[in-house]
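Below are the chains, spelled out letter by letter.
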Amino acid sequence: MILQRDPLRAKPVILDGGVGSEIRARGHLLHSSAWSALAHVEDPALVMGIHHDYLAAGAEIVTANTFPLSRHNLEHAGLGASFASSNKCAVELAKSAVRSFPDRQAFVAGSMSTIPPMDSADHLQTGASAFRNYCEQAEILAESGVDLIIAEMLLEIESASLLLEAASTVELPLWAGLSAMLGDDHEVMGFRTPGKYLEVPSTRFSELIEAASSFSVELIAVMHTKIDVVPHALDVLEHNWRGPIAAYAETGKAGDSDWFFDTAAEPDDYADCAVAWFERFGLDAVGGCCGTRPAHIAALSQRLR
């Protein structure tokens, strides 16, 4: 349903751009541990406005601000009591934005991630407790009315498998978002940052694809990946997965619970790259991740429409 395209135009589904980074771009401070988790509770109008602006730019799928809202992340930040209500609120804001475009068909994605707390890289969750938490979040997202679940920032096989298995317990389309980087020998690897944050086991990107494809995923995306690395990752994806594919890159630079836009690609330059990915790989969906803004999605949508 979501991936059904007009065969006469062969256009991809247009995704939205960054949500957490856009919250920061509009002046809302991010939580030192829980990223954008508080934004839609503290300033719901701001977050709904972001969804609205992505839809106005041409997005056909908007992503609820649930990326950092696993129970273990919120508990680490002292926000565990708001787990259910915060997830439900995030979904409702995205749905409200969609309802403001009654003549458009648009969908709401619920994001789930393996991302650890921003201030504790050693808190990448695994085991039975994490699985229960992911199952609970998937159930809340489904009950709140999302149209699909995107499992994002799948960094290594054990935690990725837990999240995908949990997300598979609800009867919704499931997409998997894998992040990539180039290793020292230019081999495409799963994303990792040496040092303080996101220090995870080094994993070949092909192995992440294999792990994701063992679950009932409908689409695999290259996401939160540097623009110049995306084509390399898509090449590996194309050779290891026969289903629908997507890409939504990051641009700019991450900081401690922050995002910096001074090196971000200009909207037209980003659109040029994304169109080239579509033309080369036949993407089924394309959008943006951290650092991309409504102007990037508008430029991309105009080029592809």
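Per chain, residue numbering runs from 1 following the sequence as it is written. Since the coordinates come from a predicted model, pLDDT governs what is reported: local features require at least 70, and pairs of side-chain atoms require 80 or more to be given and counted, while whole-chain, interface and lining totals use all residues. Side-chain numbers come from the whole structure's heavy atoms, not from hydrogens or water.

Our focus in this paragraph is the nonpolar core. Within this scheme, the nonpolar core is defined by two criteria: the residues are buried Ala, Val, Leu, Ile, Met, Phe, Trp, Tyr or Cys, and they are joined through side-chain atoms within 4.5 Å. Here's how the labels work: a residue is buried when its accessible area is under 20% of the maximum for its type, exposed when over 50%, partly exposed in between, all with a 1.4 Å probe on protein chains only. Among the nonpolar cores identified, the biggest contains 111 residues, and Ile-61, Trp-175, Phe-205, Ile-220, Leu-234, Trp-277 and Leu-283 are the most heavily contacted of them. Between two residues, a contact is recorded if the distance between any of their heavy atoms is within 4.5 Å. With residues up to four places along the chain from it excluded, the contact list for Leu-234 reads Val-222, Ile-245, Ala-246, Ala-247, Trp-277, Phe-281 and Leu-283.

Attention shifts here to the layout of surface pockets. Grid points spaced at 1 Å over the protein atoms alone were grouped into cavities, where a 1.4 Å probe fits but cannot get out, and pockets, open sets with protein on both sides within 12 Å along at least five of seven lines, with lining residues defined by an atom within 4 Å of a point. Grid points are joined across faces, edges and corners, and a volume is the space filled by probe spheres set on the points. In this structure, the largest pocket occupies an estimated 760 Å³ of space. For the largest pocket, the lining is made up of 41 residues, of which Trp-35, Met-153, His-224, Trp-259 and Cys-290 are closest to its centre. Helix and strand labels come from DSSP, where a helix needs a run of H or I of at least four residues and a strand needs a run of E of at least two; each type is numbered from the N terminus. Every element with two or more residues in the lining of the largest pocket is listed here: strand 2 (61–63), strand 4 (148–154), strand 8 (219–226), strand 9 (245–250), strand 10 (253–255) and strand 11 (258–260). Lys, Arg, Asp and Glu make up the charged group, whereas Ala, Val, Leu, Ile, Met, Phe, Trp, Tyr, Cys and Pro make up the nonpolar group; the residues left over, Gly among them, are polar. Across the lining of the largest pocket, the residue classes break down as 20 nonpolar, 13 polar and eight charged.

Turning to the pairing of strand 3 (residues 107–113), a few remarks are in order. Of all seven residues making up strand 3, seven are buried, and the element is well covered by its neighbours. A two-sided burial pattern is seen for strand 3, the buried positions comprising Phe-107, Ala-109, Ser-111 and Ser-113 on one face and Val-108, Gly-110 and Met-112 on the other. Here, strands pair whenever DSSP counts at least two bridges between them. Two strands pair when backbone bridges link them, and strand 3 and strand 4 are joined in this way by five bridges, in the parallel orientation. Its bridge partner lying in strand 4, Ala-109 is registered against Leu-148.

The next thing to look at is the pattern of salt bridges. The term salt bridge refers to a side-chain nitrogen of Lys or Arg lying within 4 Å of a carboxyl oxygen of Asp or Glu. Inspection of the entire model under this criterion finds twelve salt bridges. The partner of Glu-92 in a salt bridge is Arg-99, and the shortest N-O contact between them spans 2.4 Å. Classification of Arg-99 by relative accessible area gives partly exposed; the value is 49%. Across the salt bridge formed by Glu-207 and Arg-204, the nearest N and O atoms sit 3.6 Å from each other. Take Glu-207: its relative accessible area is 30%, and that puts it in the partly exposed class. Each of Glu-22, Arg-26, Asp-53 and Arg-293 takes part in a single network of salt bridges with overlapping partners.

Read from one edge of the open sheet, eight strands run 1-12-9-8-5-4-3-2, paired in parallel fashion. At either end of the open sheet lies a strand with only one pairing partner, and these are strand 1 (13–14) and strand 2. Looking at chain direction, strand 2 and strand 3 are connected through three bridges and run parallel. What sits directly across from Thr-63, in strand 3, is Ala-109. Working convention: axes come from line fits to C-alpha atoms, limited for helices to the stretch in contact. Angles between N-to-C directions cover 0 to 180 degrees. Relative to strand 4, helix 7 (residues 157–167) is tilted by about 175 degrees, and along the sheet it contacts strand 3, strand 4 and strand 5 (174–178).

Another point: unusual backbone geometry. Negative phi values dominate among residues other than glycine, just as trans dominates among peptide bonds. At Trp-35, a residue that is not glycine, the phi angle is positive and equals roughly 55 degrees. According to the relative accessible area criterion, Trp-35 is buried, its value standing at 9%. With a phi close to 40 degrees, His-224 is a non-glycine residue in the positive phi region. Positionally, His-224 belongs in strand 8. Residue class for His-224 comes out buried when judged on its relative accessible area of 9%.

For any two helices packed against each other, the geometry is given by the interaxial angle and the distance between the axes. At a closest axis distance of 10 Å, the pairing of helix 8 (residues 205–213) and helix 9 (residues 230–240) adopts a crossing angle of 45 degrees. With respect to helix 9, the element helix 8 is oriented oblique. As helix 8 runs across helix 9, the sense of the crossing is right-handed. From helix 8, Phe-205, Ser-206 and Ile-209 reach across to helix 9, where they touch Ala-233, Val-236, Leu-237 and Asn-240. Here the word oblique covers every angle except those under 35 degrees (roughly parallel), over 145 (roughly antiparallel) and from 65 to 115 (roughly perpendicular). If you view the pair so one helix is near and one far, a crossing is left-handed when the near helix is turned anticlockwise from the far one by less than a right angle, and right-handed when it is turned clockwise.

Here the focus is helix 7. Burial of helix 7 is extensive: eight of the eleven residues sit out of reach of the surface. Inspection of helix 7 places Ser-159, Ala-160, Ser-161, Leu-162, Leu-163, Leu-164, Ala-166 and Ala-167 among the buried residues, and these make up the whole buried set. Against strand 3, helix 6 (128–144), strand 4, strand 5 and helix 8 lie the buried residues of helix 7. Two or three places before Glu-158, at the start of helix 7, stands the capping residue Glu-156, its side-chain oxygen 3.1 Å from that residue's backbone nitrogen. Two N or O atoms count as a polar contact when they lie within 3.5 Å, although within protein this holds only if one can serve as hydrogen donor and the other as acceptor, and sequence-adjacent residues are included solely when both atoms are side-chain atoms.

Once that is clear, we can look at the packing of aromatic side chains. Paired rings are identified among Phe, Tyr and Trp, the last through its six-membered ring, by centres lying within 6.5 Å, and are further divided according to the angle between planes into stacked (under 30 degrees), edge-to-face (over 60) and tilted (the rest). One pass over the full model with this rule turns up one aromatic pair. On the numbers, 6.0 Å between centres and 85 degrees between planes, the contact of Tyr-270 with Trp-277 is edge-to-face. Here Tyr-270 and Trp-277 have matching classes, each one buried. The ring centre of Phe-261 lies 6.0 Å from the NZ or CZ of Arg-293, which sits over that ring. Here, a charge over a ring is recorded when the distance from Lys NZ or Arg CZ to the ring centre is within 6 Å and its angle to the ring normal is within 35 degrees.

As for its placement among the helices and strands, Ala-81 is situated in the loop between helix 4 (71–76) and helix 5 (83–99). Of the residues examined, Ala-81 reaches a relative accessible area of 86% and is grouped as exposed. Between the C-alpha atom of Ala-81 and that of Arg-71, which follows or precedes it by ten residues, the distance is 9.0 Å.

Moving on, we come to the packing of helix 10 (residues 267–281) against helix 11 (residues 294–304). One way to put it is that helix 10 packs onto helix 11 with a least axis distance of 8 Å and a crossing angle of 45 degrees. Considered as vectors, helix 10 and helix 11 are oriented oblique to each other. As helix 10 runs across helix 11, the sense of the crossing is right-handed. Contacts between helix 10 and helix 11 involve Pro-267, Asp-268, Tyr-270, Ala-271, Asp-272, Ala-274, Val-275 and Phe-278 from the first element and Ala-295, His-296, Ala-299, Leu-300, Arg-303 and Leu-304 from the second. A per-class count over the contact of helix 10 with helix 11 returns ten nonpolar, one polar and three charged.

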